[in-house]
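Residues per chain, in single letters:
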Amino acid sequence: RFALEQGREVFAVPGSPMDLRSEGPNAMIRDGATLVTAAADVIGVIKPLIGQQPPAPPRAEPGNLSGELSDDLFSLAGESILAPDAGETDAPAPPDEAAVLLELLGTTPVHIDELIRLSGLPARTVQSLLMELELDNQIRRHGGNTVSKA
């Protein structure tokens, strides 16, 4: 709704009306989103827009709370919510961090949040390490967001 109010393109992939998970995208299409069944649907809408400047976000009247918030939409208490947390980077983790996780794991599945708490590592790092360990067949993922040694 907010995107449509700002003149932004909204795309949605339809789903079966019998599937409860499809209520959101189907409602978006009903409310004006572009129906997408193939990449050509997106390209057809975006192609004419290439080279155009995006519209400026609407400014609210002075004293209006939404206007105050729109000046710095992506900041919270002076810190960017899009920037990585302190200590978190996209650089590969040192091998010893993977060893820490492996030491915390056994054959009994452990919830990922528990691993984050016990290891003291940032959530982003733990998730990245778990993916690497899974690709190396050192761990297994189980239901309920749990993992164990392979």
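Every value quoted in this text rests on a predicted model; they were computed, and no experiment measured them.

What counts and what doesn't
Counting restarts for each chain: residues are numbered from 1 in the order of the written sequence. The predicted nature of this model means local features are confined to residues of pLDDT at least 70 and side-chain atom pairs, given and counted, to a pLDDT of 80 or more, with totals for whole chains, interfaces and linings taken over all residues. In computing side-chain properties, one takes all heavy atoms of the structure into account and sets aside hydrogens as well as water. Numbering of helices and strands runs from the N terminus, with a helix taken as a DSSP run of H or I at least four residues long and a strand as a DSSP run of E at least two residues long. Accessibility here uses a 1.4 Å probe with only protein chains present; expressed as a share of the type maximum, an area under 20% marks a residue as buried, one over 50% as exposed, and anything in between as partly exposed. Residues are treated as being in contact if the distance between any of their heavy atoms lies within 4.5 Å. The method behind every accessible area is Shrake-Rupley, applied with a 1.4 Å probe, and residues are considered shielded solely by the protein chains displayed. Pairing between strands is defined by DSSP: at least two bridges between the two strands are required. Definition used in this section: a nonpolar core is a set of buried Ala, Val, Leu, Ile, Met, Phe, Trp, Tyr and Cys residues joined via side-chain atoms within 4.5 Å. Structural elements are reduced to axes, namely lines fitted to C-alpha atoms, with helices fitted over the stretch in contact, and the angle between N-to-C directions of any two is expressed from 0 to 180 degrees. If an angle is under 35 degrees, it is roughly parallel; if it is over 145, roughly antiparallel; if it lies from 65 to 115, roughly perpendicular; otherwise it is oblique. Rotating anticlockwise by less than a right angle from the far helix to the near helix defines a left-handed crossing, while the corresponding clockwise rotation defines a right-handed one. By the convention adopted, Pro, Cys, Tyr, Trp, Phe, Met, Ile, Leu, Val and Ala count as nonpolar, Lys, Arg, Asp and Glu as charged, and the other residues, Gly among them, as polar. Residue-level confidence of the predictor is summarised by pLDDT, bounded by 0 at the bottom and 100 at the top.

### Brief notes about the overall build of the protein chain
The helix and strand inventory of the protein chain stands at seven helices and seven strands. When the helices and strands of the protein chain are placed in sequence order, the string is α-β-α-β-α-α-β-β-α-β-α-α-β-β. Within the protein chain, the fraction of its 150 residues that count as buried is 19%. Long-range contacts, defined here as pairs at least 24 residues apart, represent 45% of the contacts in the protein chain between residues at least 6 apart. Split by element, the accessible area of the protein chain, about 11,000 Å² in all, is 58% carbon and sulfur.

### Topic: the sheet that holds strand E6 (residues 139–142)
On the basis of which strands lie adjacent, the open sheet formed by three strands has the order E5-E7-E6 and antiparallel pairing. Strand pairing shows two members of the sheet lacking a second neighbour, strand E5 (110–111) and E6, which therefore form its edges. Bridge count for E5 against strand E7 (residues 146–149) is two bridges, and the pairing is antiparallel. Each residue of the ladder has a partner; that of Val 110, found in E7, is Val 147.

### Section: the nonpolar core
Membership of the largest hydrophobic core comes to 15 residues, with the highest contact counts inside it found for Leu 101, Leu 115, Val 126, Leu 130, Ile 139 and Val 147. Going through the elements one at a time, helix H5 (95–104), helix H6 (112–119) and helix H7 (123–135) are the ones with two or more residues in this core. The greatest single-element share of this core, amounting to four residues, is contributed by H7. If sequence neighbours within four positions are ignored, Val 147 has contacts with Leu 105, Thr 108, Pro 109, Val 110, Ile 112, Leu 115, Leu 130, Ile 139, Arg 140, Arg 141 and His 142.

### Let's talk about the packing of H6 against H7
Two quantities define a packed helix pair, namely the angle between the axes and the distance from one axis to the other. Relative orientation of the contacting elements H6 and H7 amounts to 120°, with a least axis distance of 10 Å. Compared by their axis directions, H6 and H7 come out oblique. For the pair H6 and H7, the sense of crossing is right-handed. Contacts between H6 and H7 involve Ile 112, Leu 115, Ile 116 and Ser 119 from the former and Ala 123, Val 126, Gln 127 and Leu 130 from the latter. By residue class, the composition of the contact of H6 with H7 is six nonpolar, two polar and no charged.

### Topic: the pairing of E7
Inspection of the sheet shows E6 paired to E7 by four bridges, in the antiparallel sense. Looking at the pairing, Arg 141 lines up with Val 147 of E7. The turn linking E6 back onto E7 is made up of three residues, and Gly 144 within it adopts a positive phi angle of 75°.

### Let's talk about the confidence of the model for the protein chain
Scored by pLDDT, the protein chain comes out at a mean of 77, with 70% of its residues at no less than 70. Below pLDDT 50 for its whole length, residues 63–83 participates in 11 contacts with residues either more than four positions away or in separate chains.

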